[in-house]
Amino acid sequence: MIRIGTFLFPEESSWWRSTTLEALSKERREIVIRAVLSHPDGALALRKQLETLEQEVERLDRGEAVLSLHCGRFFEGRRRELSVVLSPRDNAARISLKVLTLDRFERSDVLHRLNADISPPGNSIYLLNRGNFATPPVFQVRPEGAMTRFRIEIGTESLNYSGSLNAGNILTIDCERGIALLNSDENTTNLVNDFPRLPSGWITVTLDSETGADGTWEIQYRDLWV
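Every chain begins its residue count from 1, and numbering advances along the sequence as written. Two thresholds apply to this predicted model, a pLDDT of at least 70 for residue-level local features and 80 or more for giving and counting side-chain atom pairs, whereas whole-chain, interface and lining totals are computed over all residues. By convention in this description, side-chain values take in all heavy atoms of the structure and omit both hydrogens and water.

Asks: Can you lay out the nonpolar core for me, pointing to particular residues and giving the numbers?
Replies: Core analysis: the largest hydrophobic core is formed by 27 residues, its most contacted members being Phe139, Val141, Phe150, Ile173, Val205 and Trp217. Residue contacts are defined here by distance: any two heavy atoms, one from each residue, within 4.5 Å place the two residues in contact. With sequence-adjacent residues up to four places away left out, Phe150 is seen in contact with Val141, Leu159, Asn160, Tyr161, Leu165, Leu171, Ile173, Leu207, Asp208 and Ser209. Here, nonpolar core means buried Ala, Val, Leu, Ile, Met, Phe, Trp, Tyr and Cys residues that are tied together by side-chain atoms lying within 4.5 Å of each other. Type-normalised accessible area, obtained with a 1.4 Å probe on protein chains alone, sets the label of each residue: buried when under 20%, exposed when over 50%, and partly exposed for intermediate values. Membership of the second largest hydrophobic core comes to 20 residues, among which are Ile2, Leu53, Leu60 and Leu97.

Okay, here's the thing in structure tokens:
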């Protein structure tokens, strides 16, 4: 299965290969797609098909579409090259497309979102990272009362927050972007540890607070493959 946005390449006449490389000081994937397109309704229908492909590649360049090579997964990126060569009778076209991804990771279509309480005993989440690589989560903490200091434990790793939260505050900790936001203001000065990741497989994530505040917290993540 090769898909860009809404455009699906024919399985019987399409193939791809992927190479990991360094570009702009970052590991990325260069994905090369080769395909032969045809349409049973003739040349006009084929040209409409090619127009759709070009539109979806433009959307990929703008970050409005993604590239999928496996069902339920996607890459973000942009084109490096796109070549379309029509046959002499205009009844088929040979496609050569080269895409440079934003990073080397293939992400799950599903954004997992799980909730738990701040206070025990319901302050742990047992979750599954279905990918084969550790993935960076996003945490949101929403206390219903004053709350001082807490720790999020992921297996043997932990993230410590040394600040204070009030009722109605929303603290967002984005481990992929490496930032923390208290409501809309950056608040990384109260973070003590590095930003943790979720290892592959089943893992328990627990929030421990020094105060007995009520409220909820949430974890969001996408499975990653390399």
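Asks: Could you give an account of the sheet that holds strand S5 (residues 67-68), naming the residues involved and the relevant values?
Replies: Here a strand pair is declared whenever DSSP counts at least two bridges between the two strands. A run of H or I in DSSP counts as a helix once it spans at least four residues, and a run of E counts as a strand once it spans at least two, with each numbered from the N terminus. As summarised here, the arrangement of the three strands in space is S2-S1-S5, forming an open sheet in which the pairing is antiparallel. Here the strands that pair on one side only, and so sit at the sheet edges, are strand S2 (7-8) and S5. Here strand S1 (residues 3-4) pairs with S5 via two bridges, running antiparallel. Within the sheet, the bridge partner assigned to Ile4 lies in S5 and is Leu67.

Asks: Please provide a residue-by-residue account of the pairing of strand S8 (residues 92-101), values included.
Replies: Summarising burial for S8: seven of the ten residues are buried, a large majority. Where strand S4 (residues 26-38) and S8 come together, nine bridges link them in antiparallel fashion. Each residue of the ladder has a partner; that of Arg34, found in S8, is Ser96. The pairing of strand S7 (residues 77-86) with S8 spans nine bridges and is classified as antiparallel. Each residue of the ladder has a partner; that of Ser83, found in S8, is Ser96. Between S7 and S8, which follow one another and run antiparallel, lie five residues, and Asp90 among them has a positive phi close to 60°.

Asks: Account for unusual backbone geometry, with residues named and values stated.
Replies: Here Pro120 and Pro121 are connected by a cis peptide whose omega angle stands at 10°. Relative to the elements of secondary structure, Pro121 occurs in the loop between strand S10 (112-117) and strand S11 (124-129). Positioned with a positive phi, Arg149 is a non-glycine residue whose angle comes to about 60°. Here Arg149 shows up in strand S13 (residues 147-154). On the accessibility criterion, Arg149 (38% relative accessible area) is partly exposed.

Asks: Any chance you could break down the pattern of salt bridges for me, citing the residues and the numbers?
Replies: For salt bridges, the criterion is a side-chain nitrogen of Lys or Arg within 4 Å of an Asp or Glu carboxyl oxygen. A complete count under the given rule lists 13 salt bridges for this structure. A salt bridge links Glu30 to Arg80; the nearest nitrogen and oxygen atoms lie 2.6 Å apart. Residue Glu30 is located in strand S4, and its partner Arg80 is located in strand S7; the two are separated by 50 residues in the primary sequence. Here Glu30 falls in the buried class, since its relative accessible area comes to 12%. By relative accessible area, Arg80 is classed as partly exposed at 40%. Of the charged contacts in the structure, one is a salt bridge between Arg113 and Glu218, with a shortest N-O distance of 3.3 Å. Of this pair, Arg113 sits in strand S10 while Glu218 sits in strand S19 (residues 215-221), and the two are 105 residues apart along the sequence.

Asks: An account of the sheet that holds S7 is requested, with residue identities and associated values reported.
Replies: A sheet is described by the order of its strands in space; here four strands give the open sequence S3-S4-S8-S7, paired in antiparallel fashion. In the strand order of this sheet, the two ends are held by strand S3 (14-23) and S7, each with one partner. Taken pair by pair, the neighbouring strands of this sheet meet at an average axis angle of 15°, ignoring direction. Its contacts with the sheet place helix H1 (residues 43-61) against S4, S7 and S8, and it is angled at close to 165° to S7. Every axis in this analysis is a line fitted to C-alpha atoms, fitted for helices over the stretch in contact. Angles between the N-to-C directions lie between 0 and 180 degrees.

All we've got here are geometric facts, nothing functional implied.
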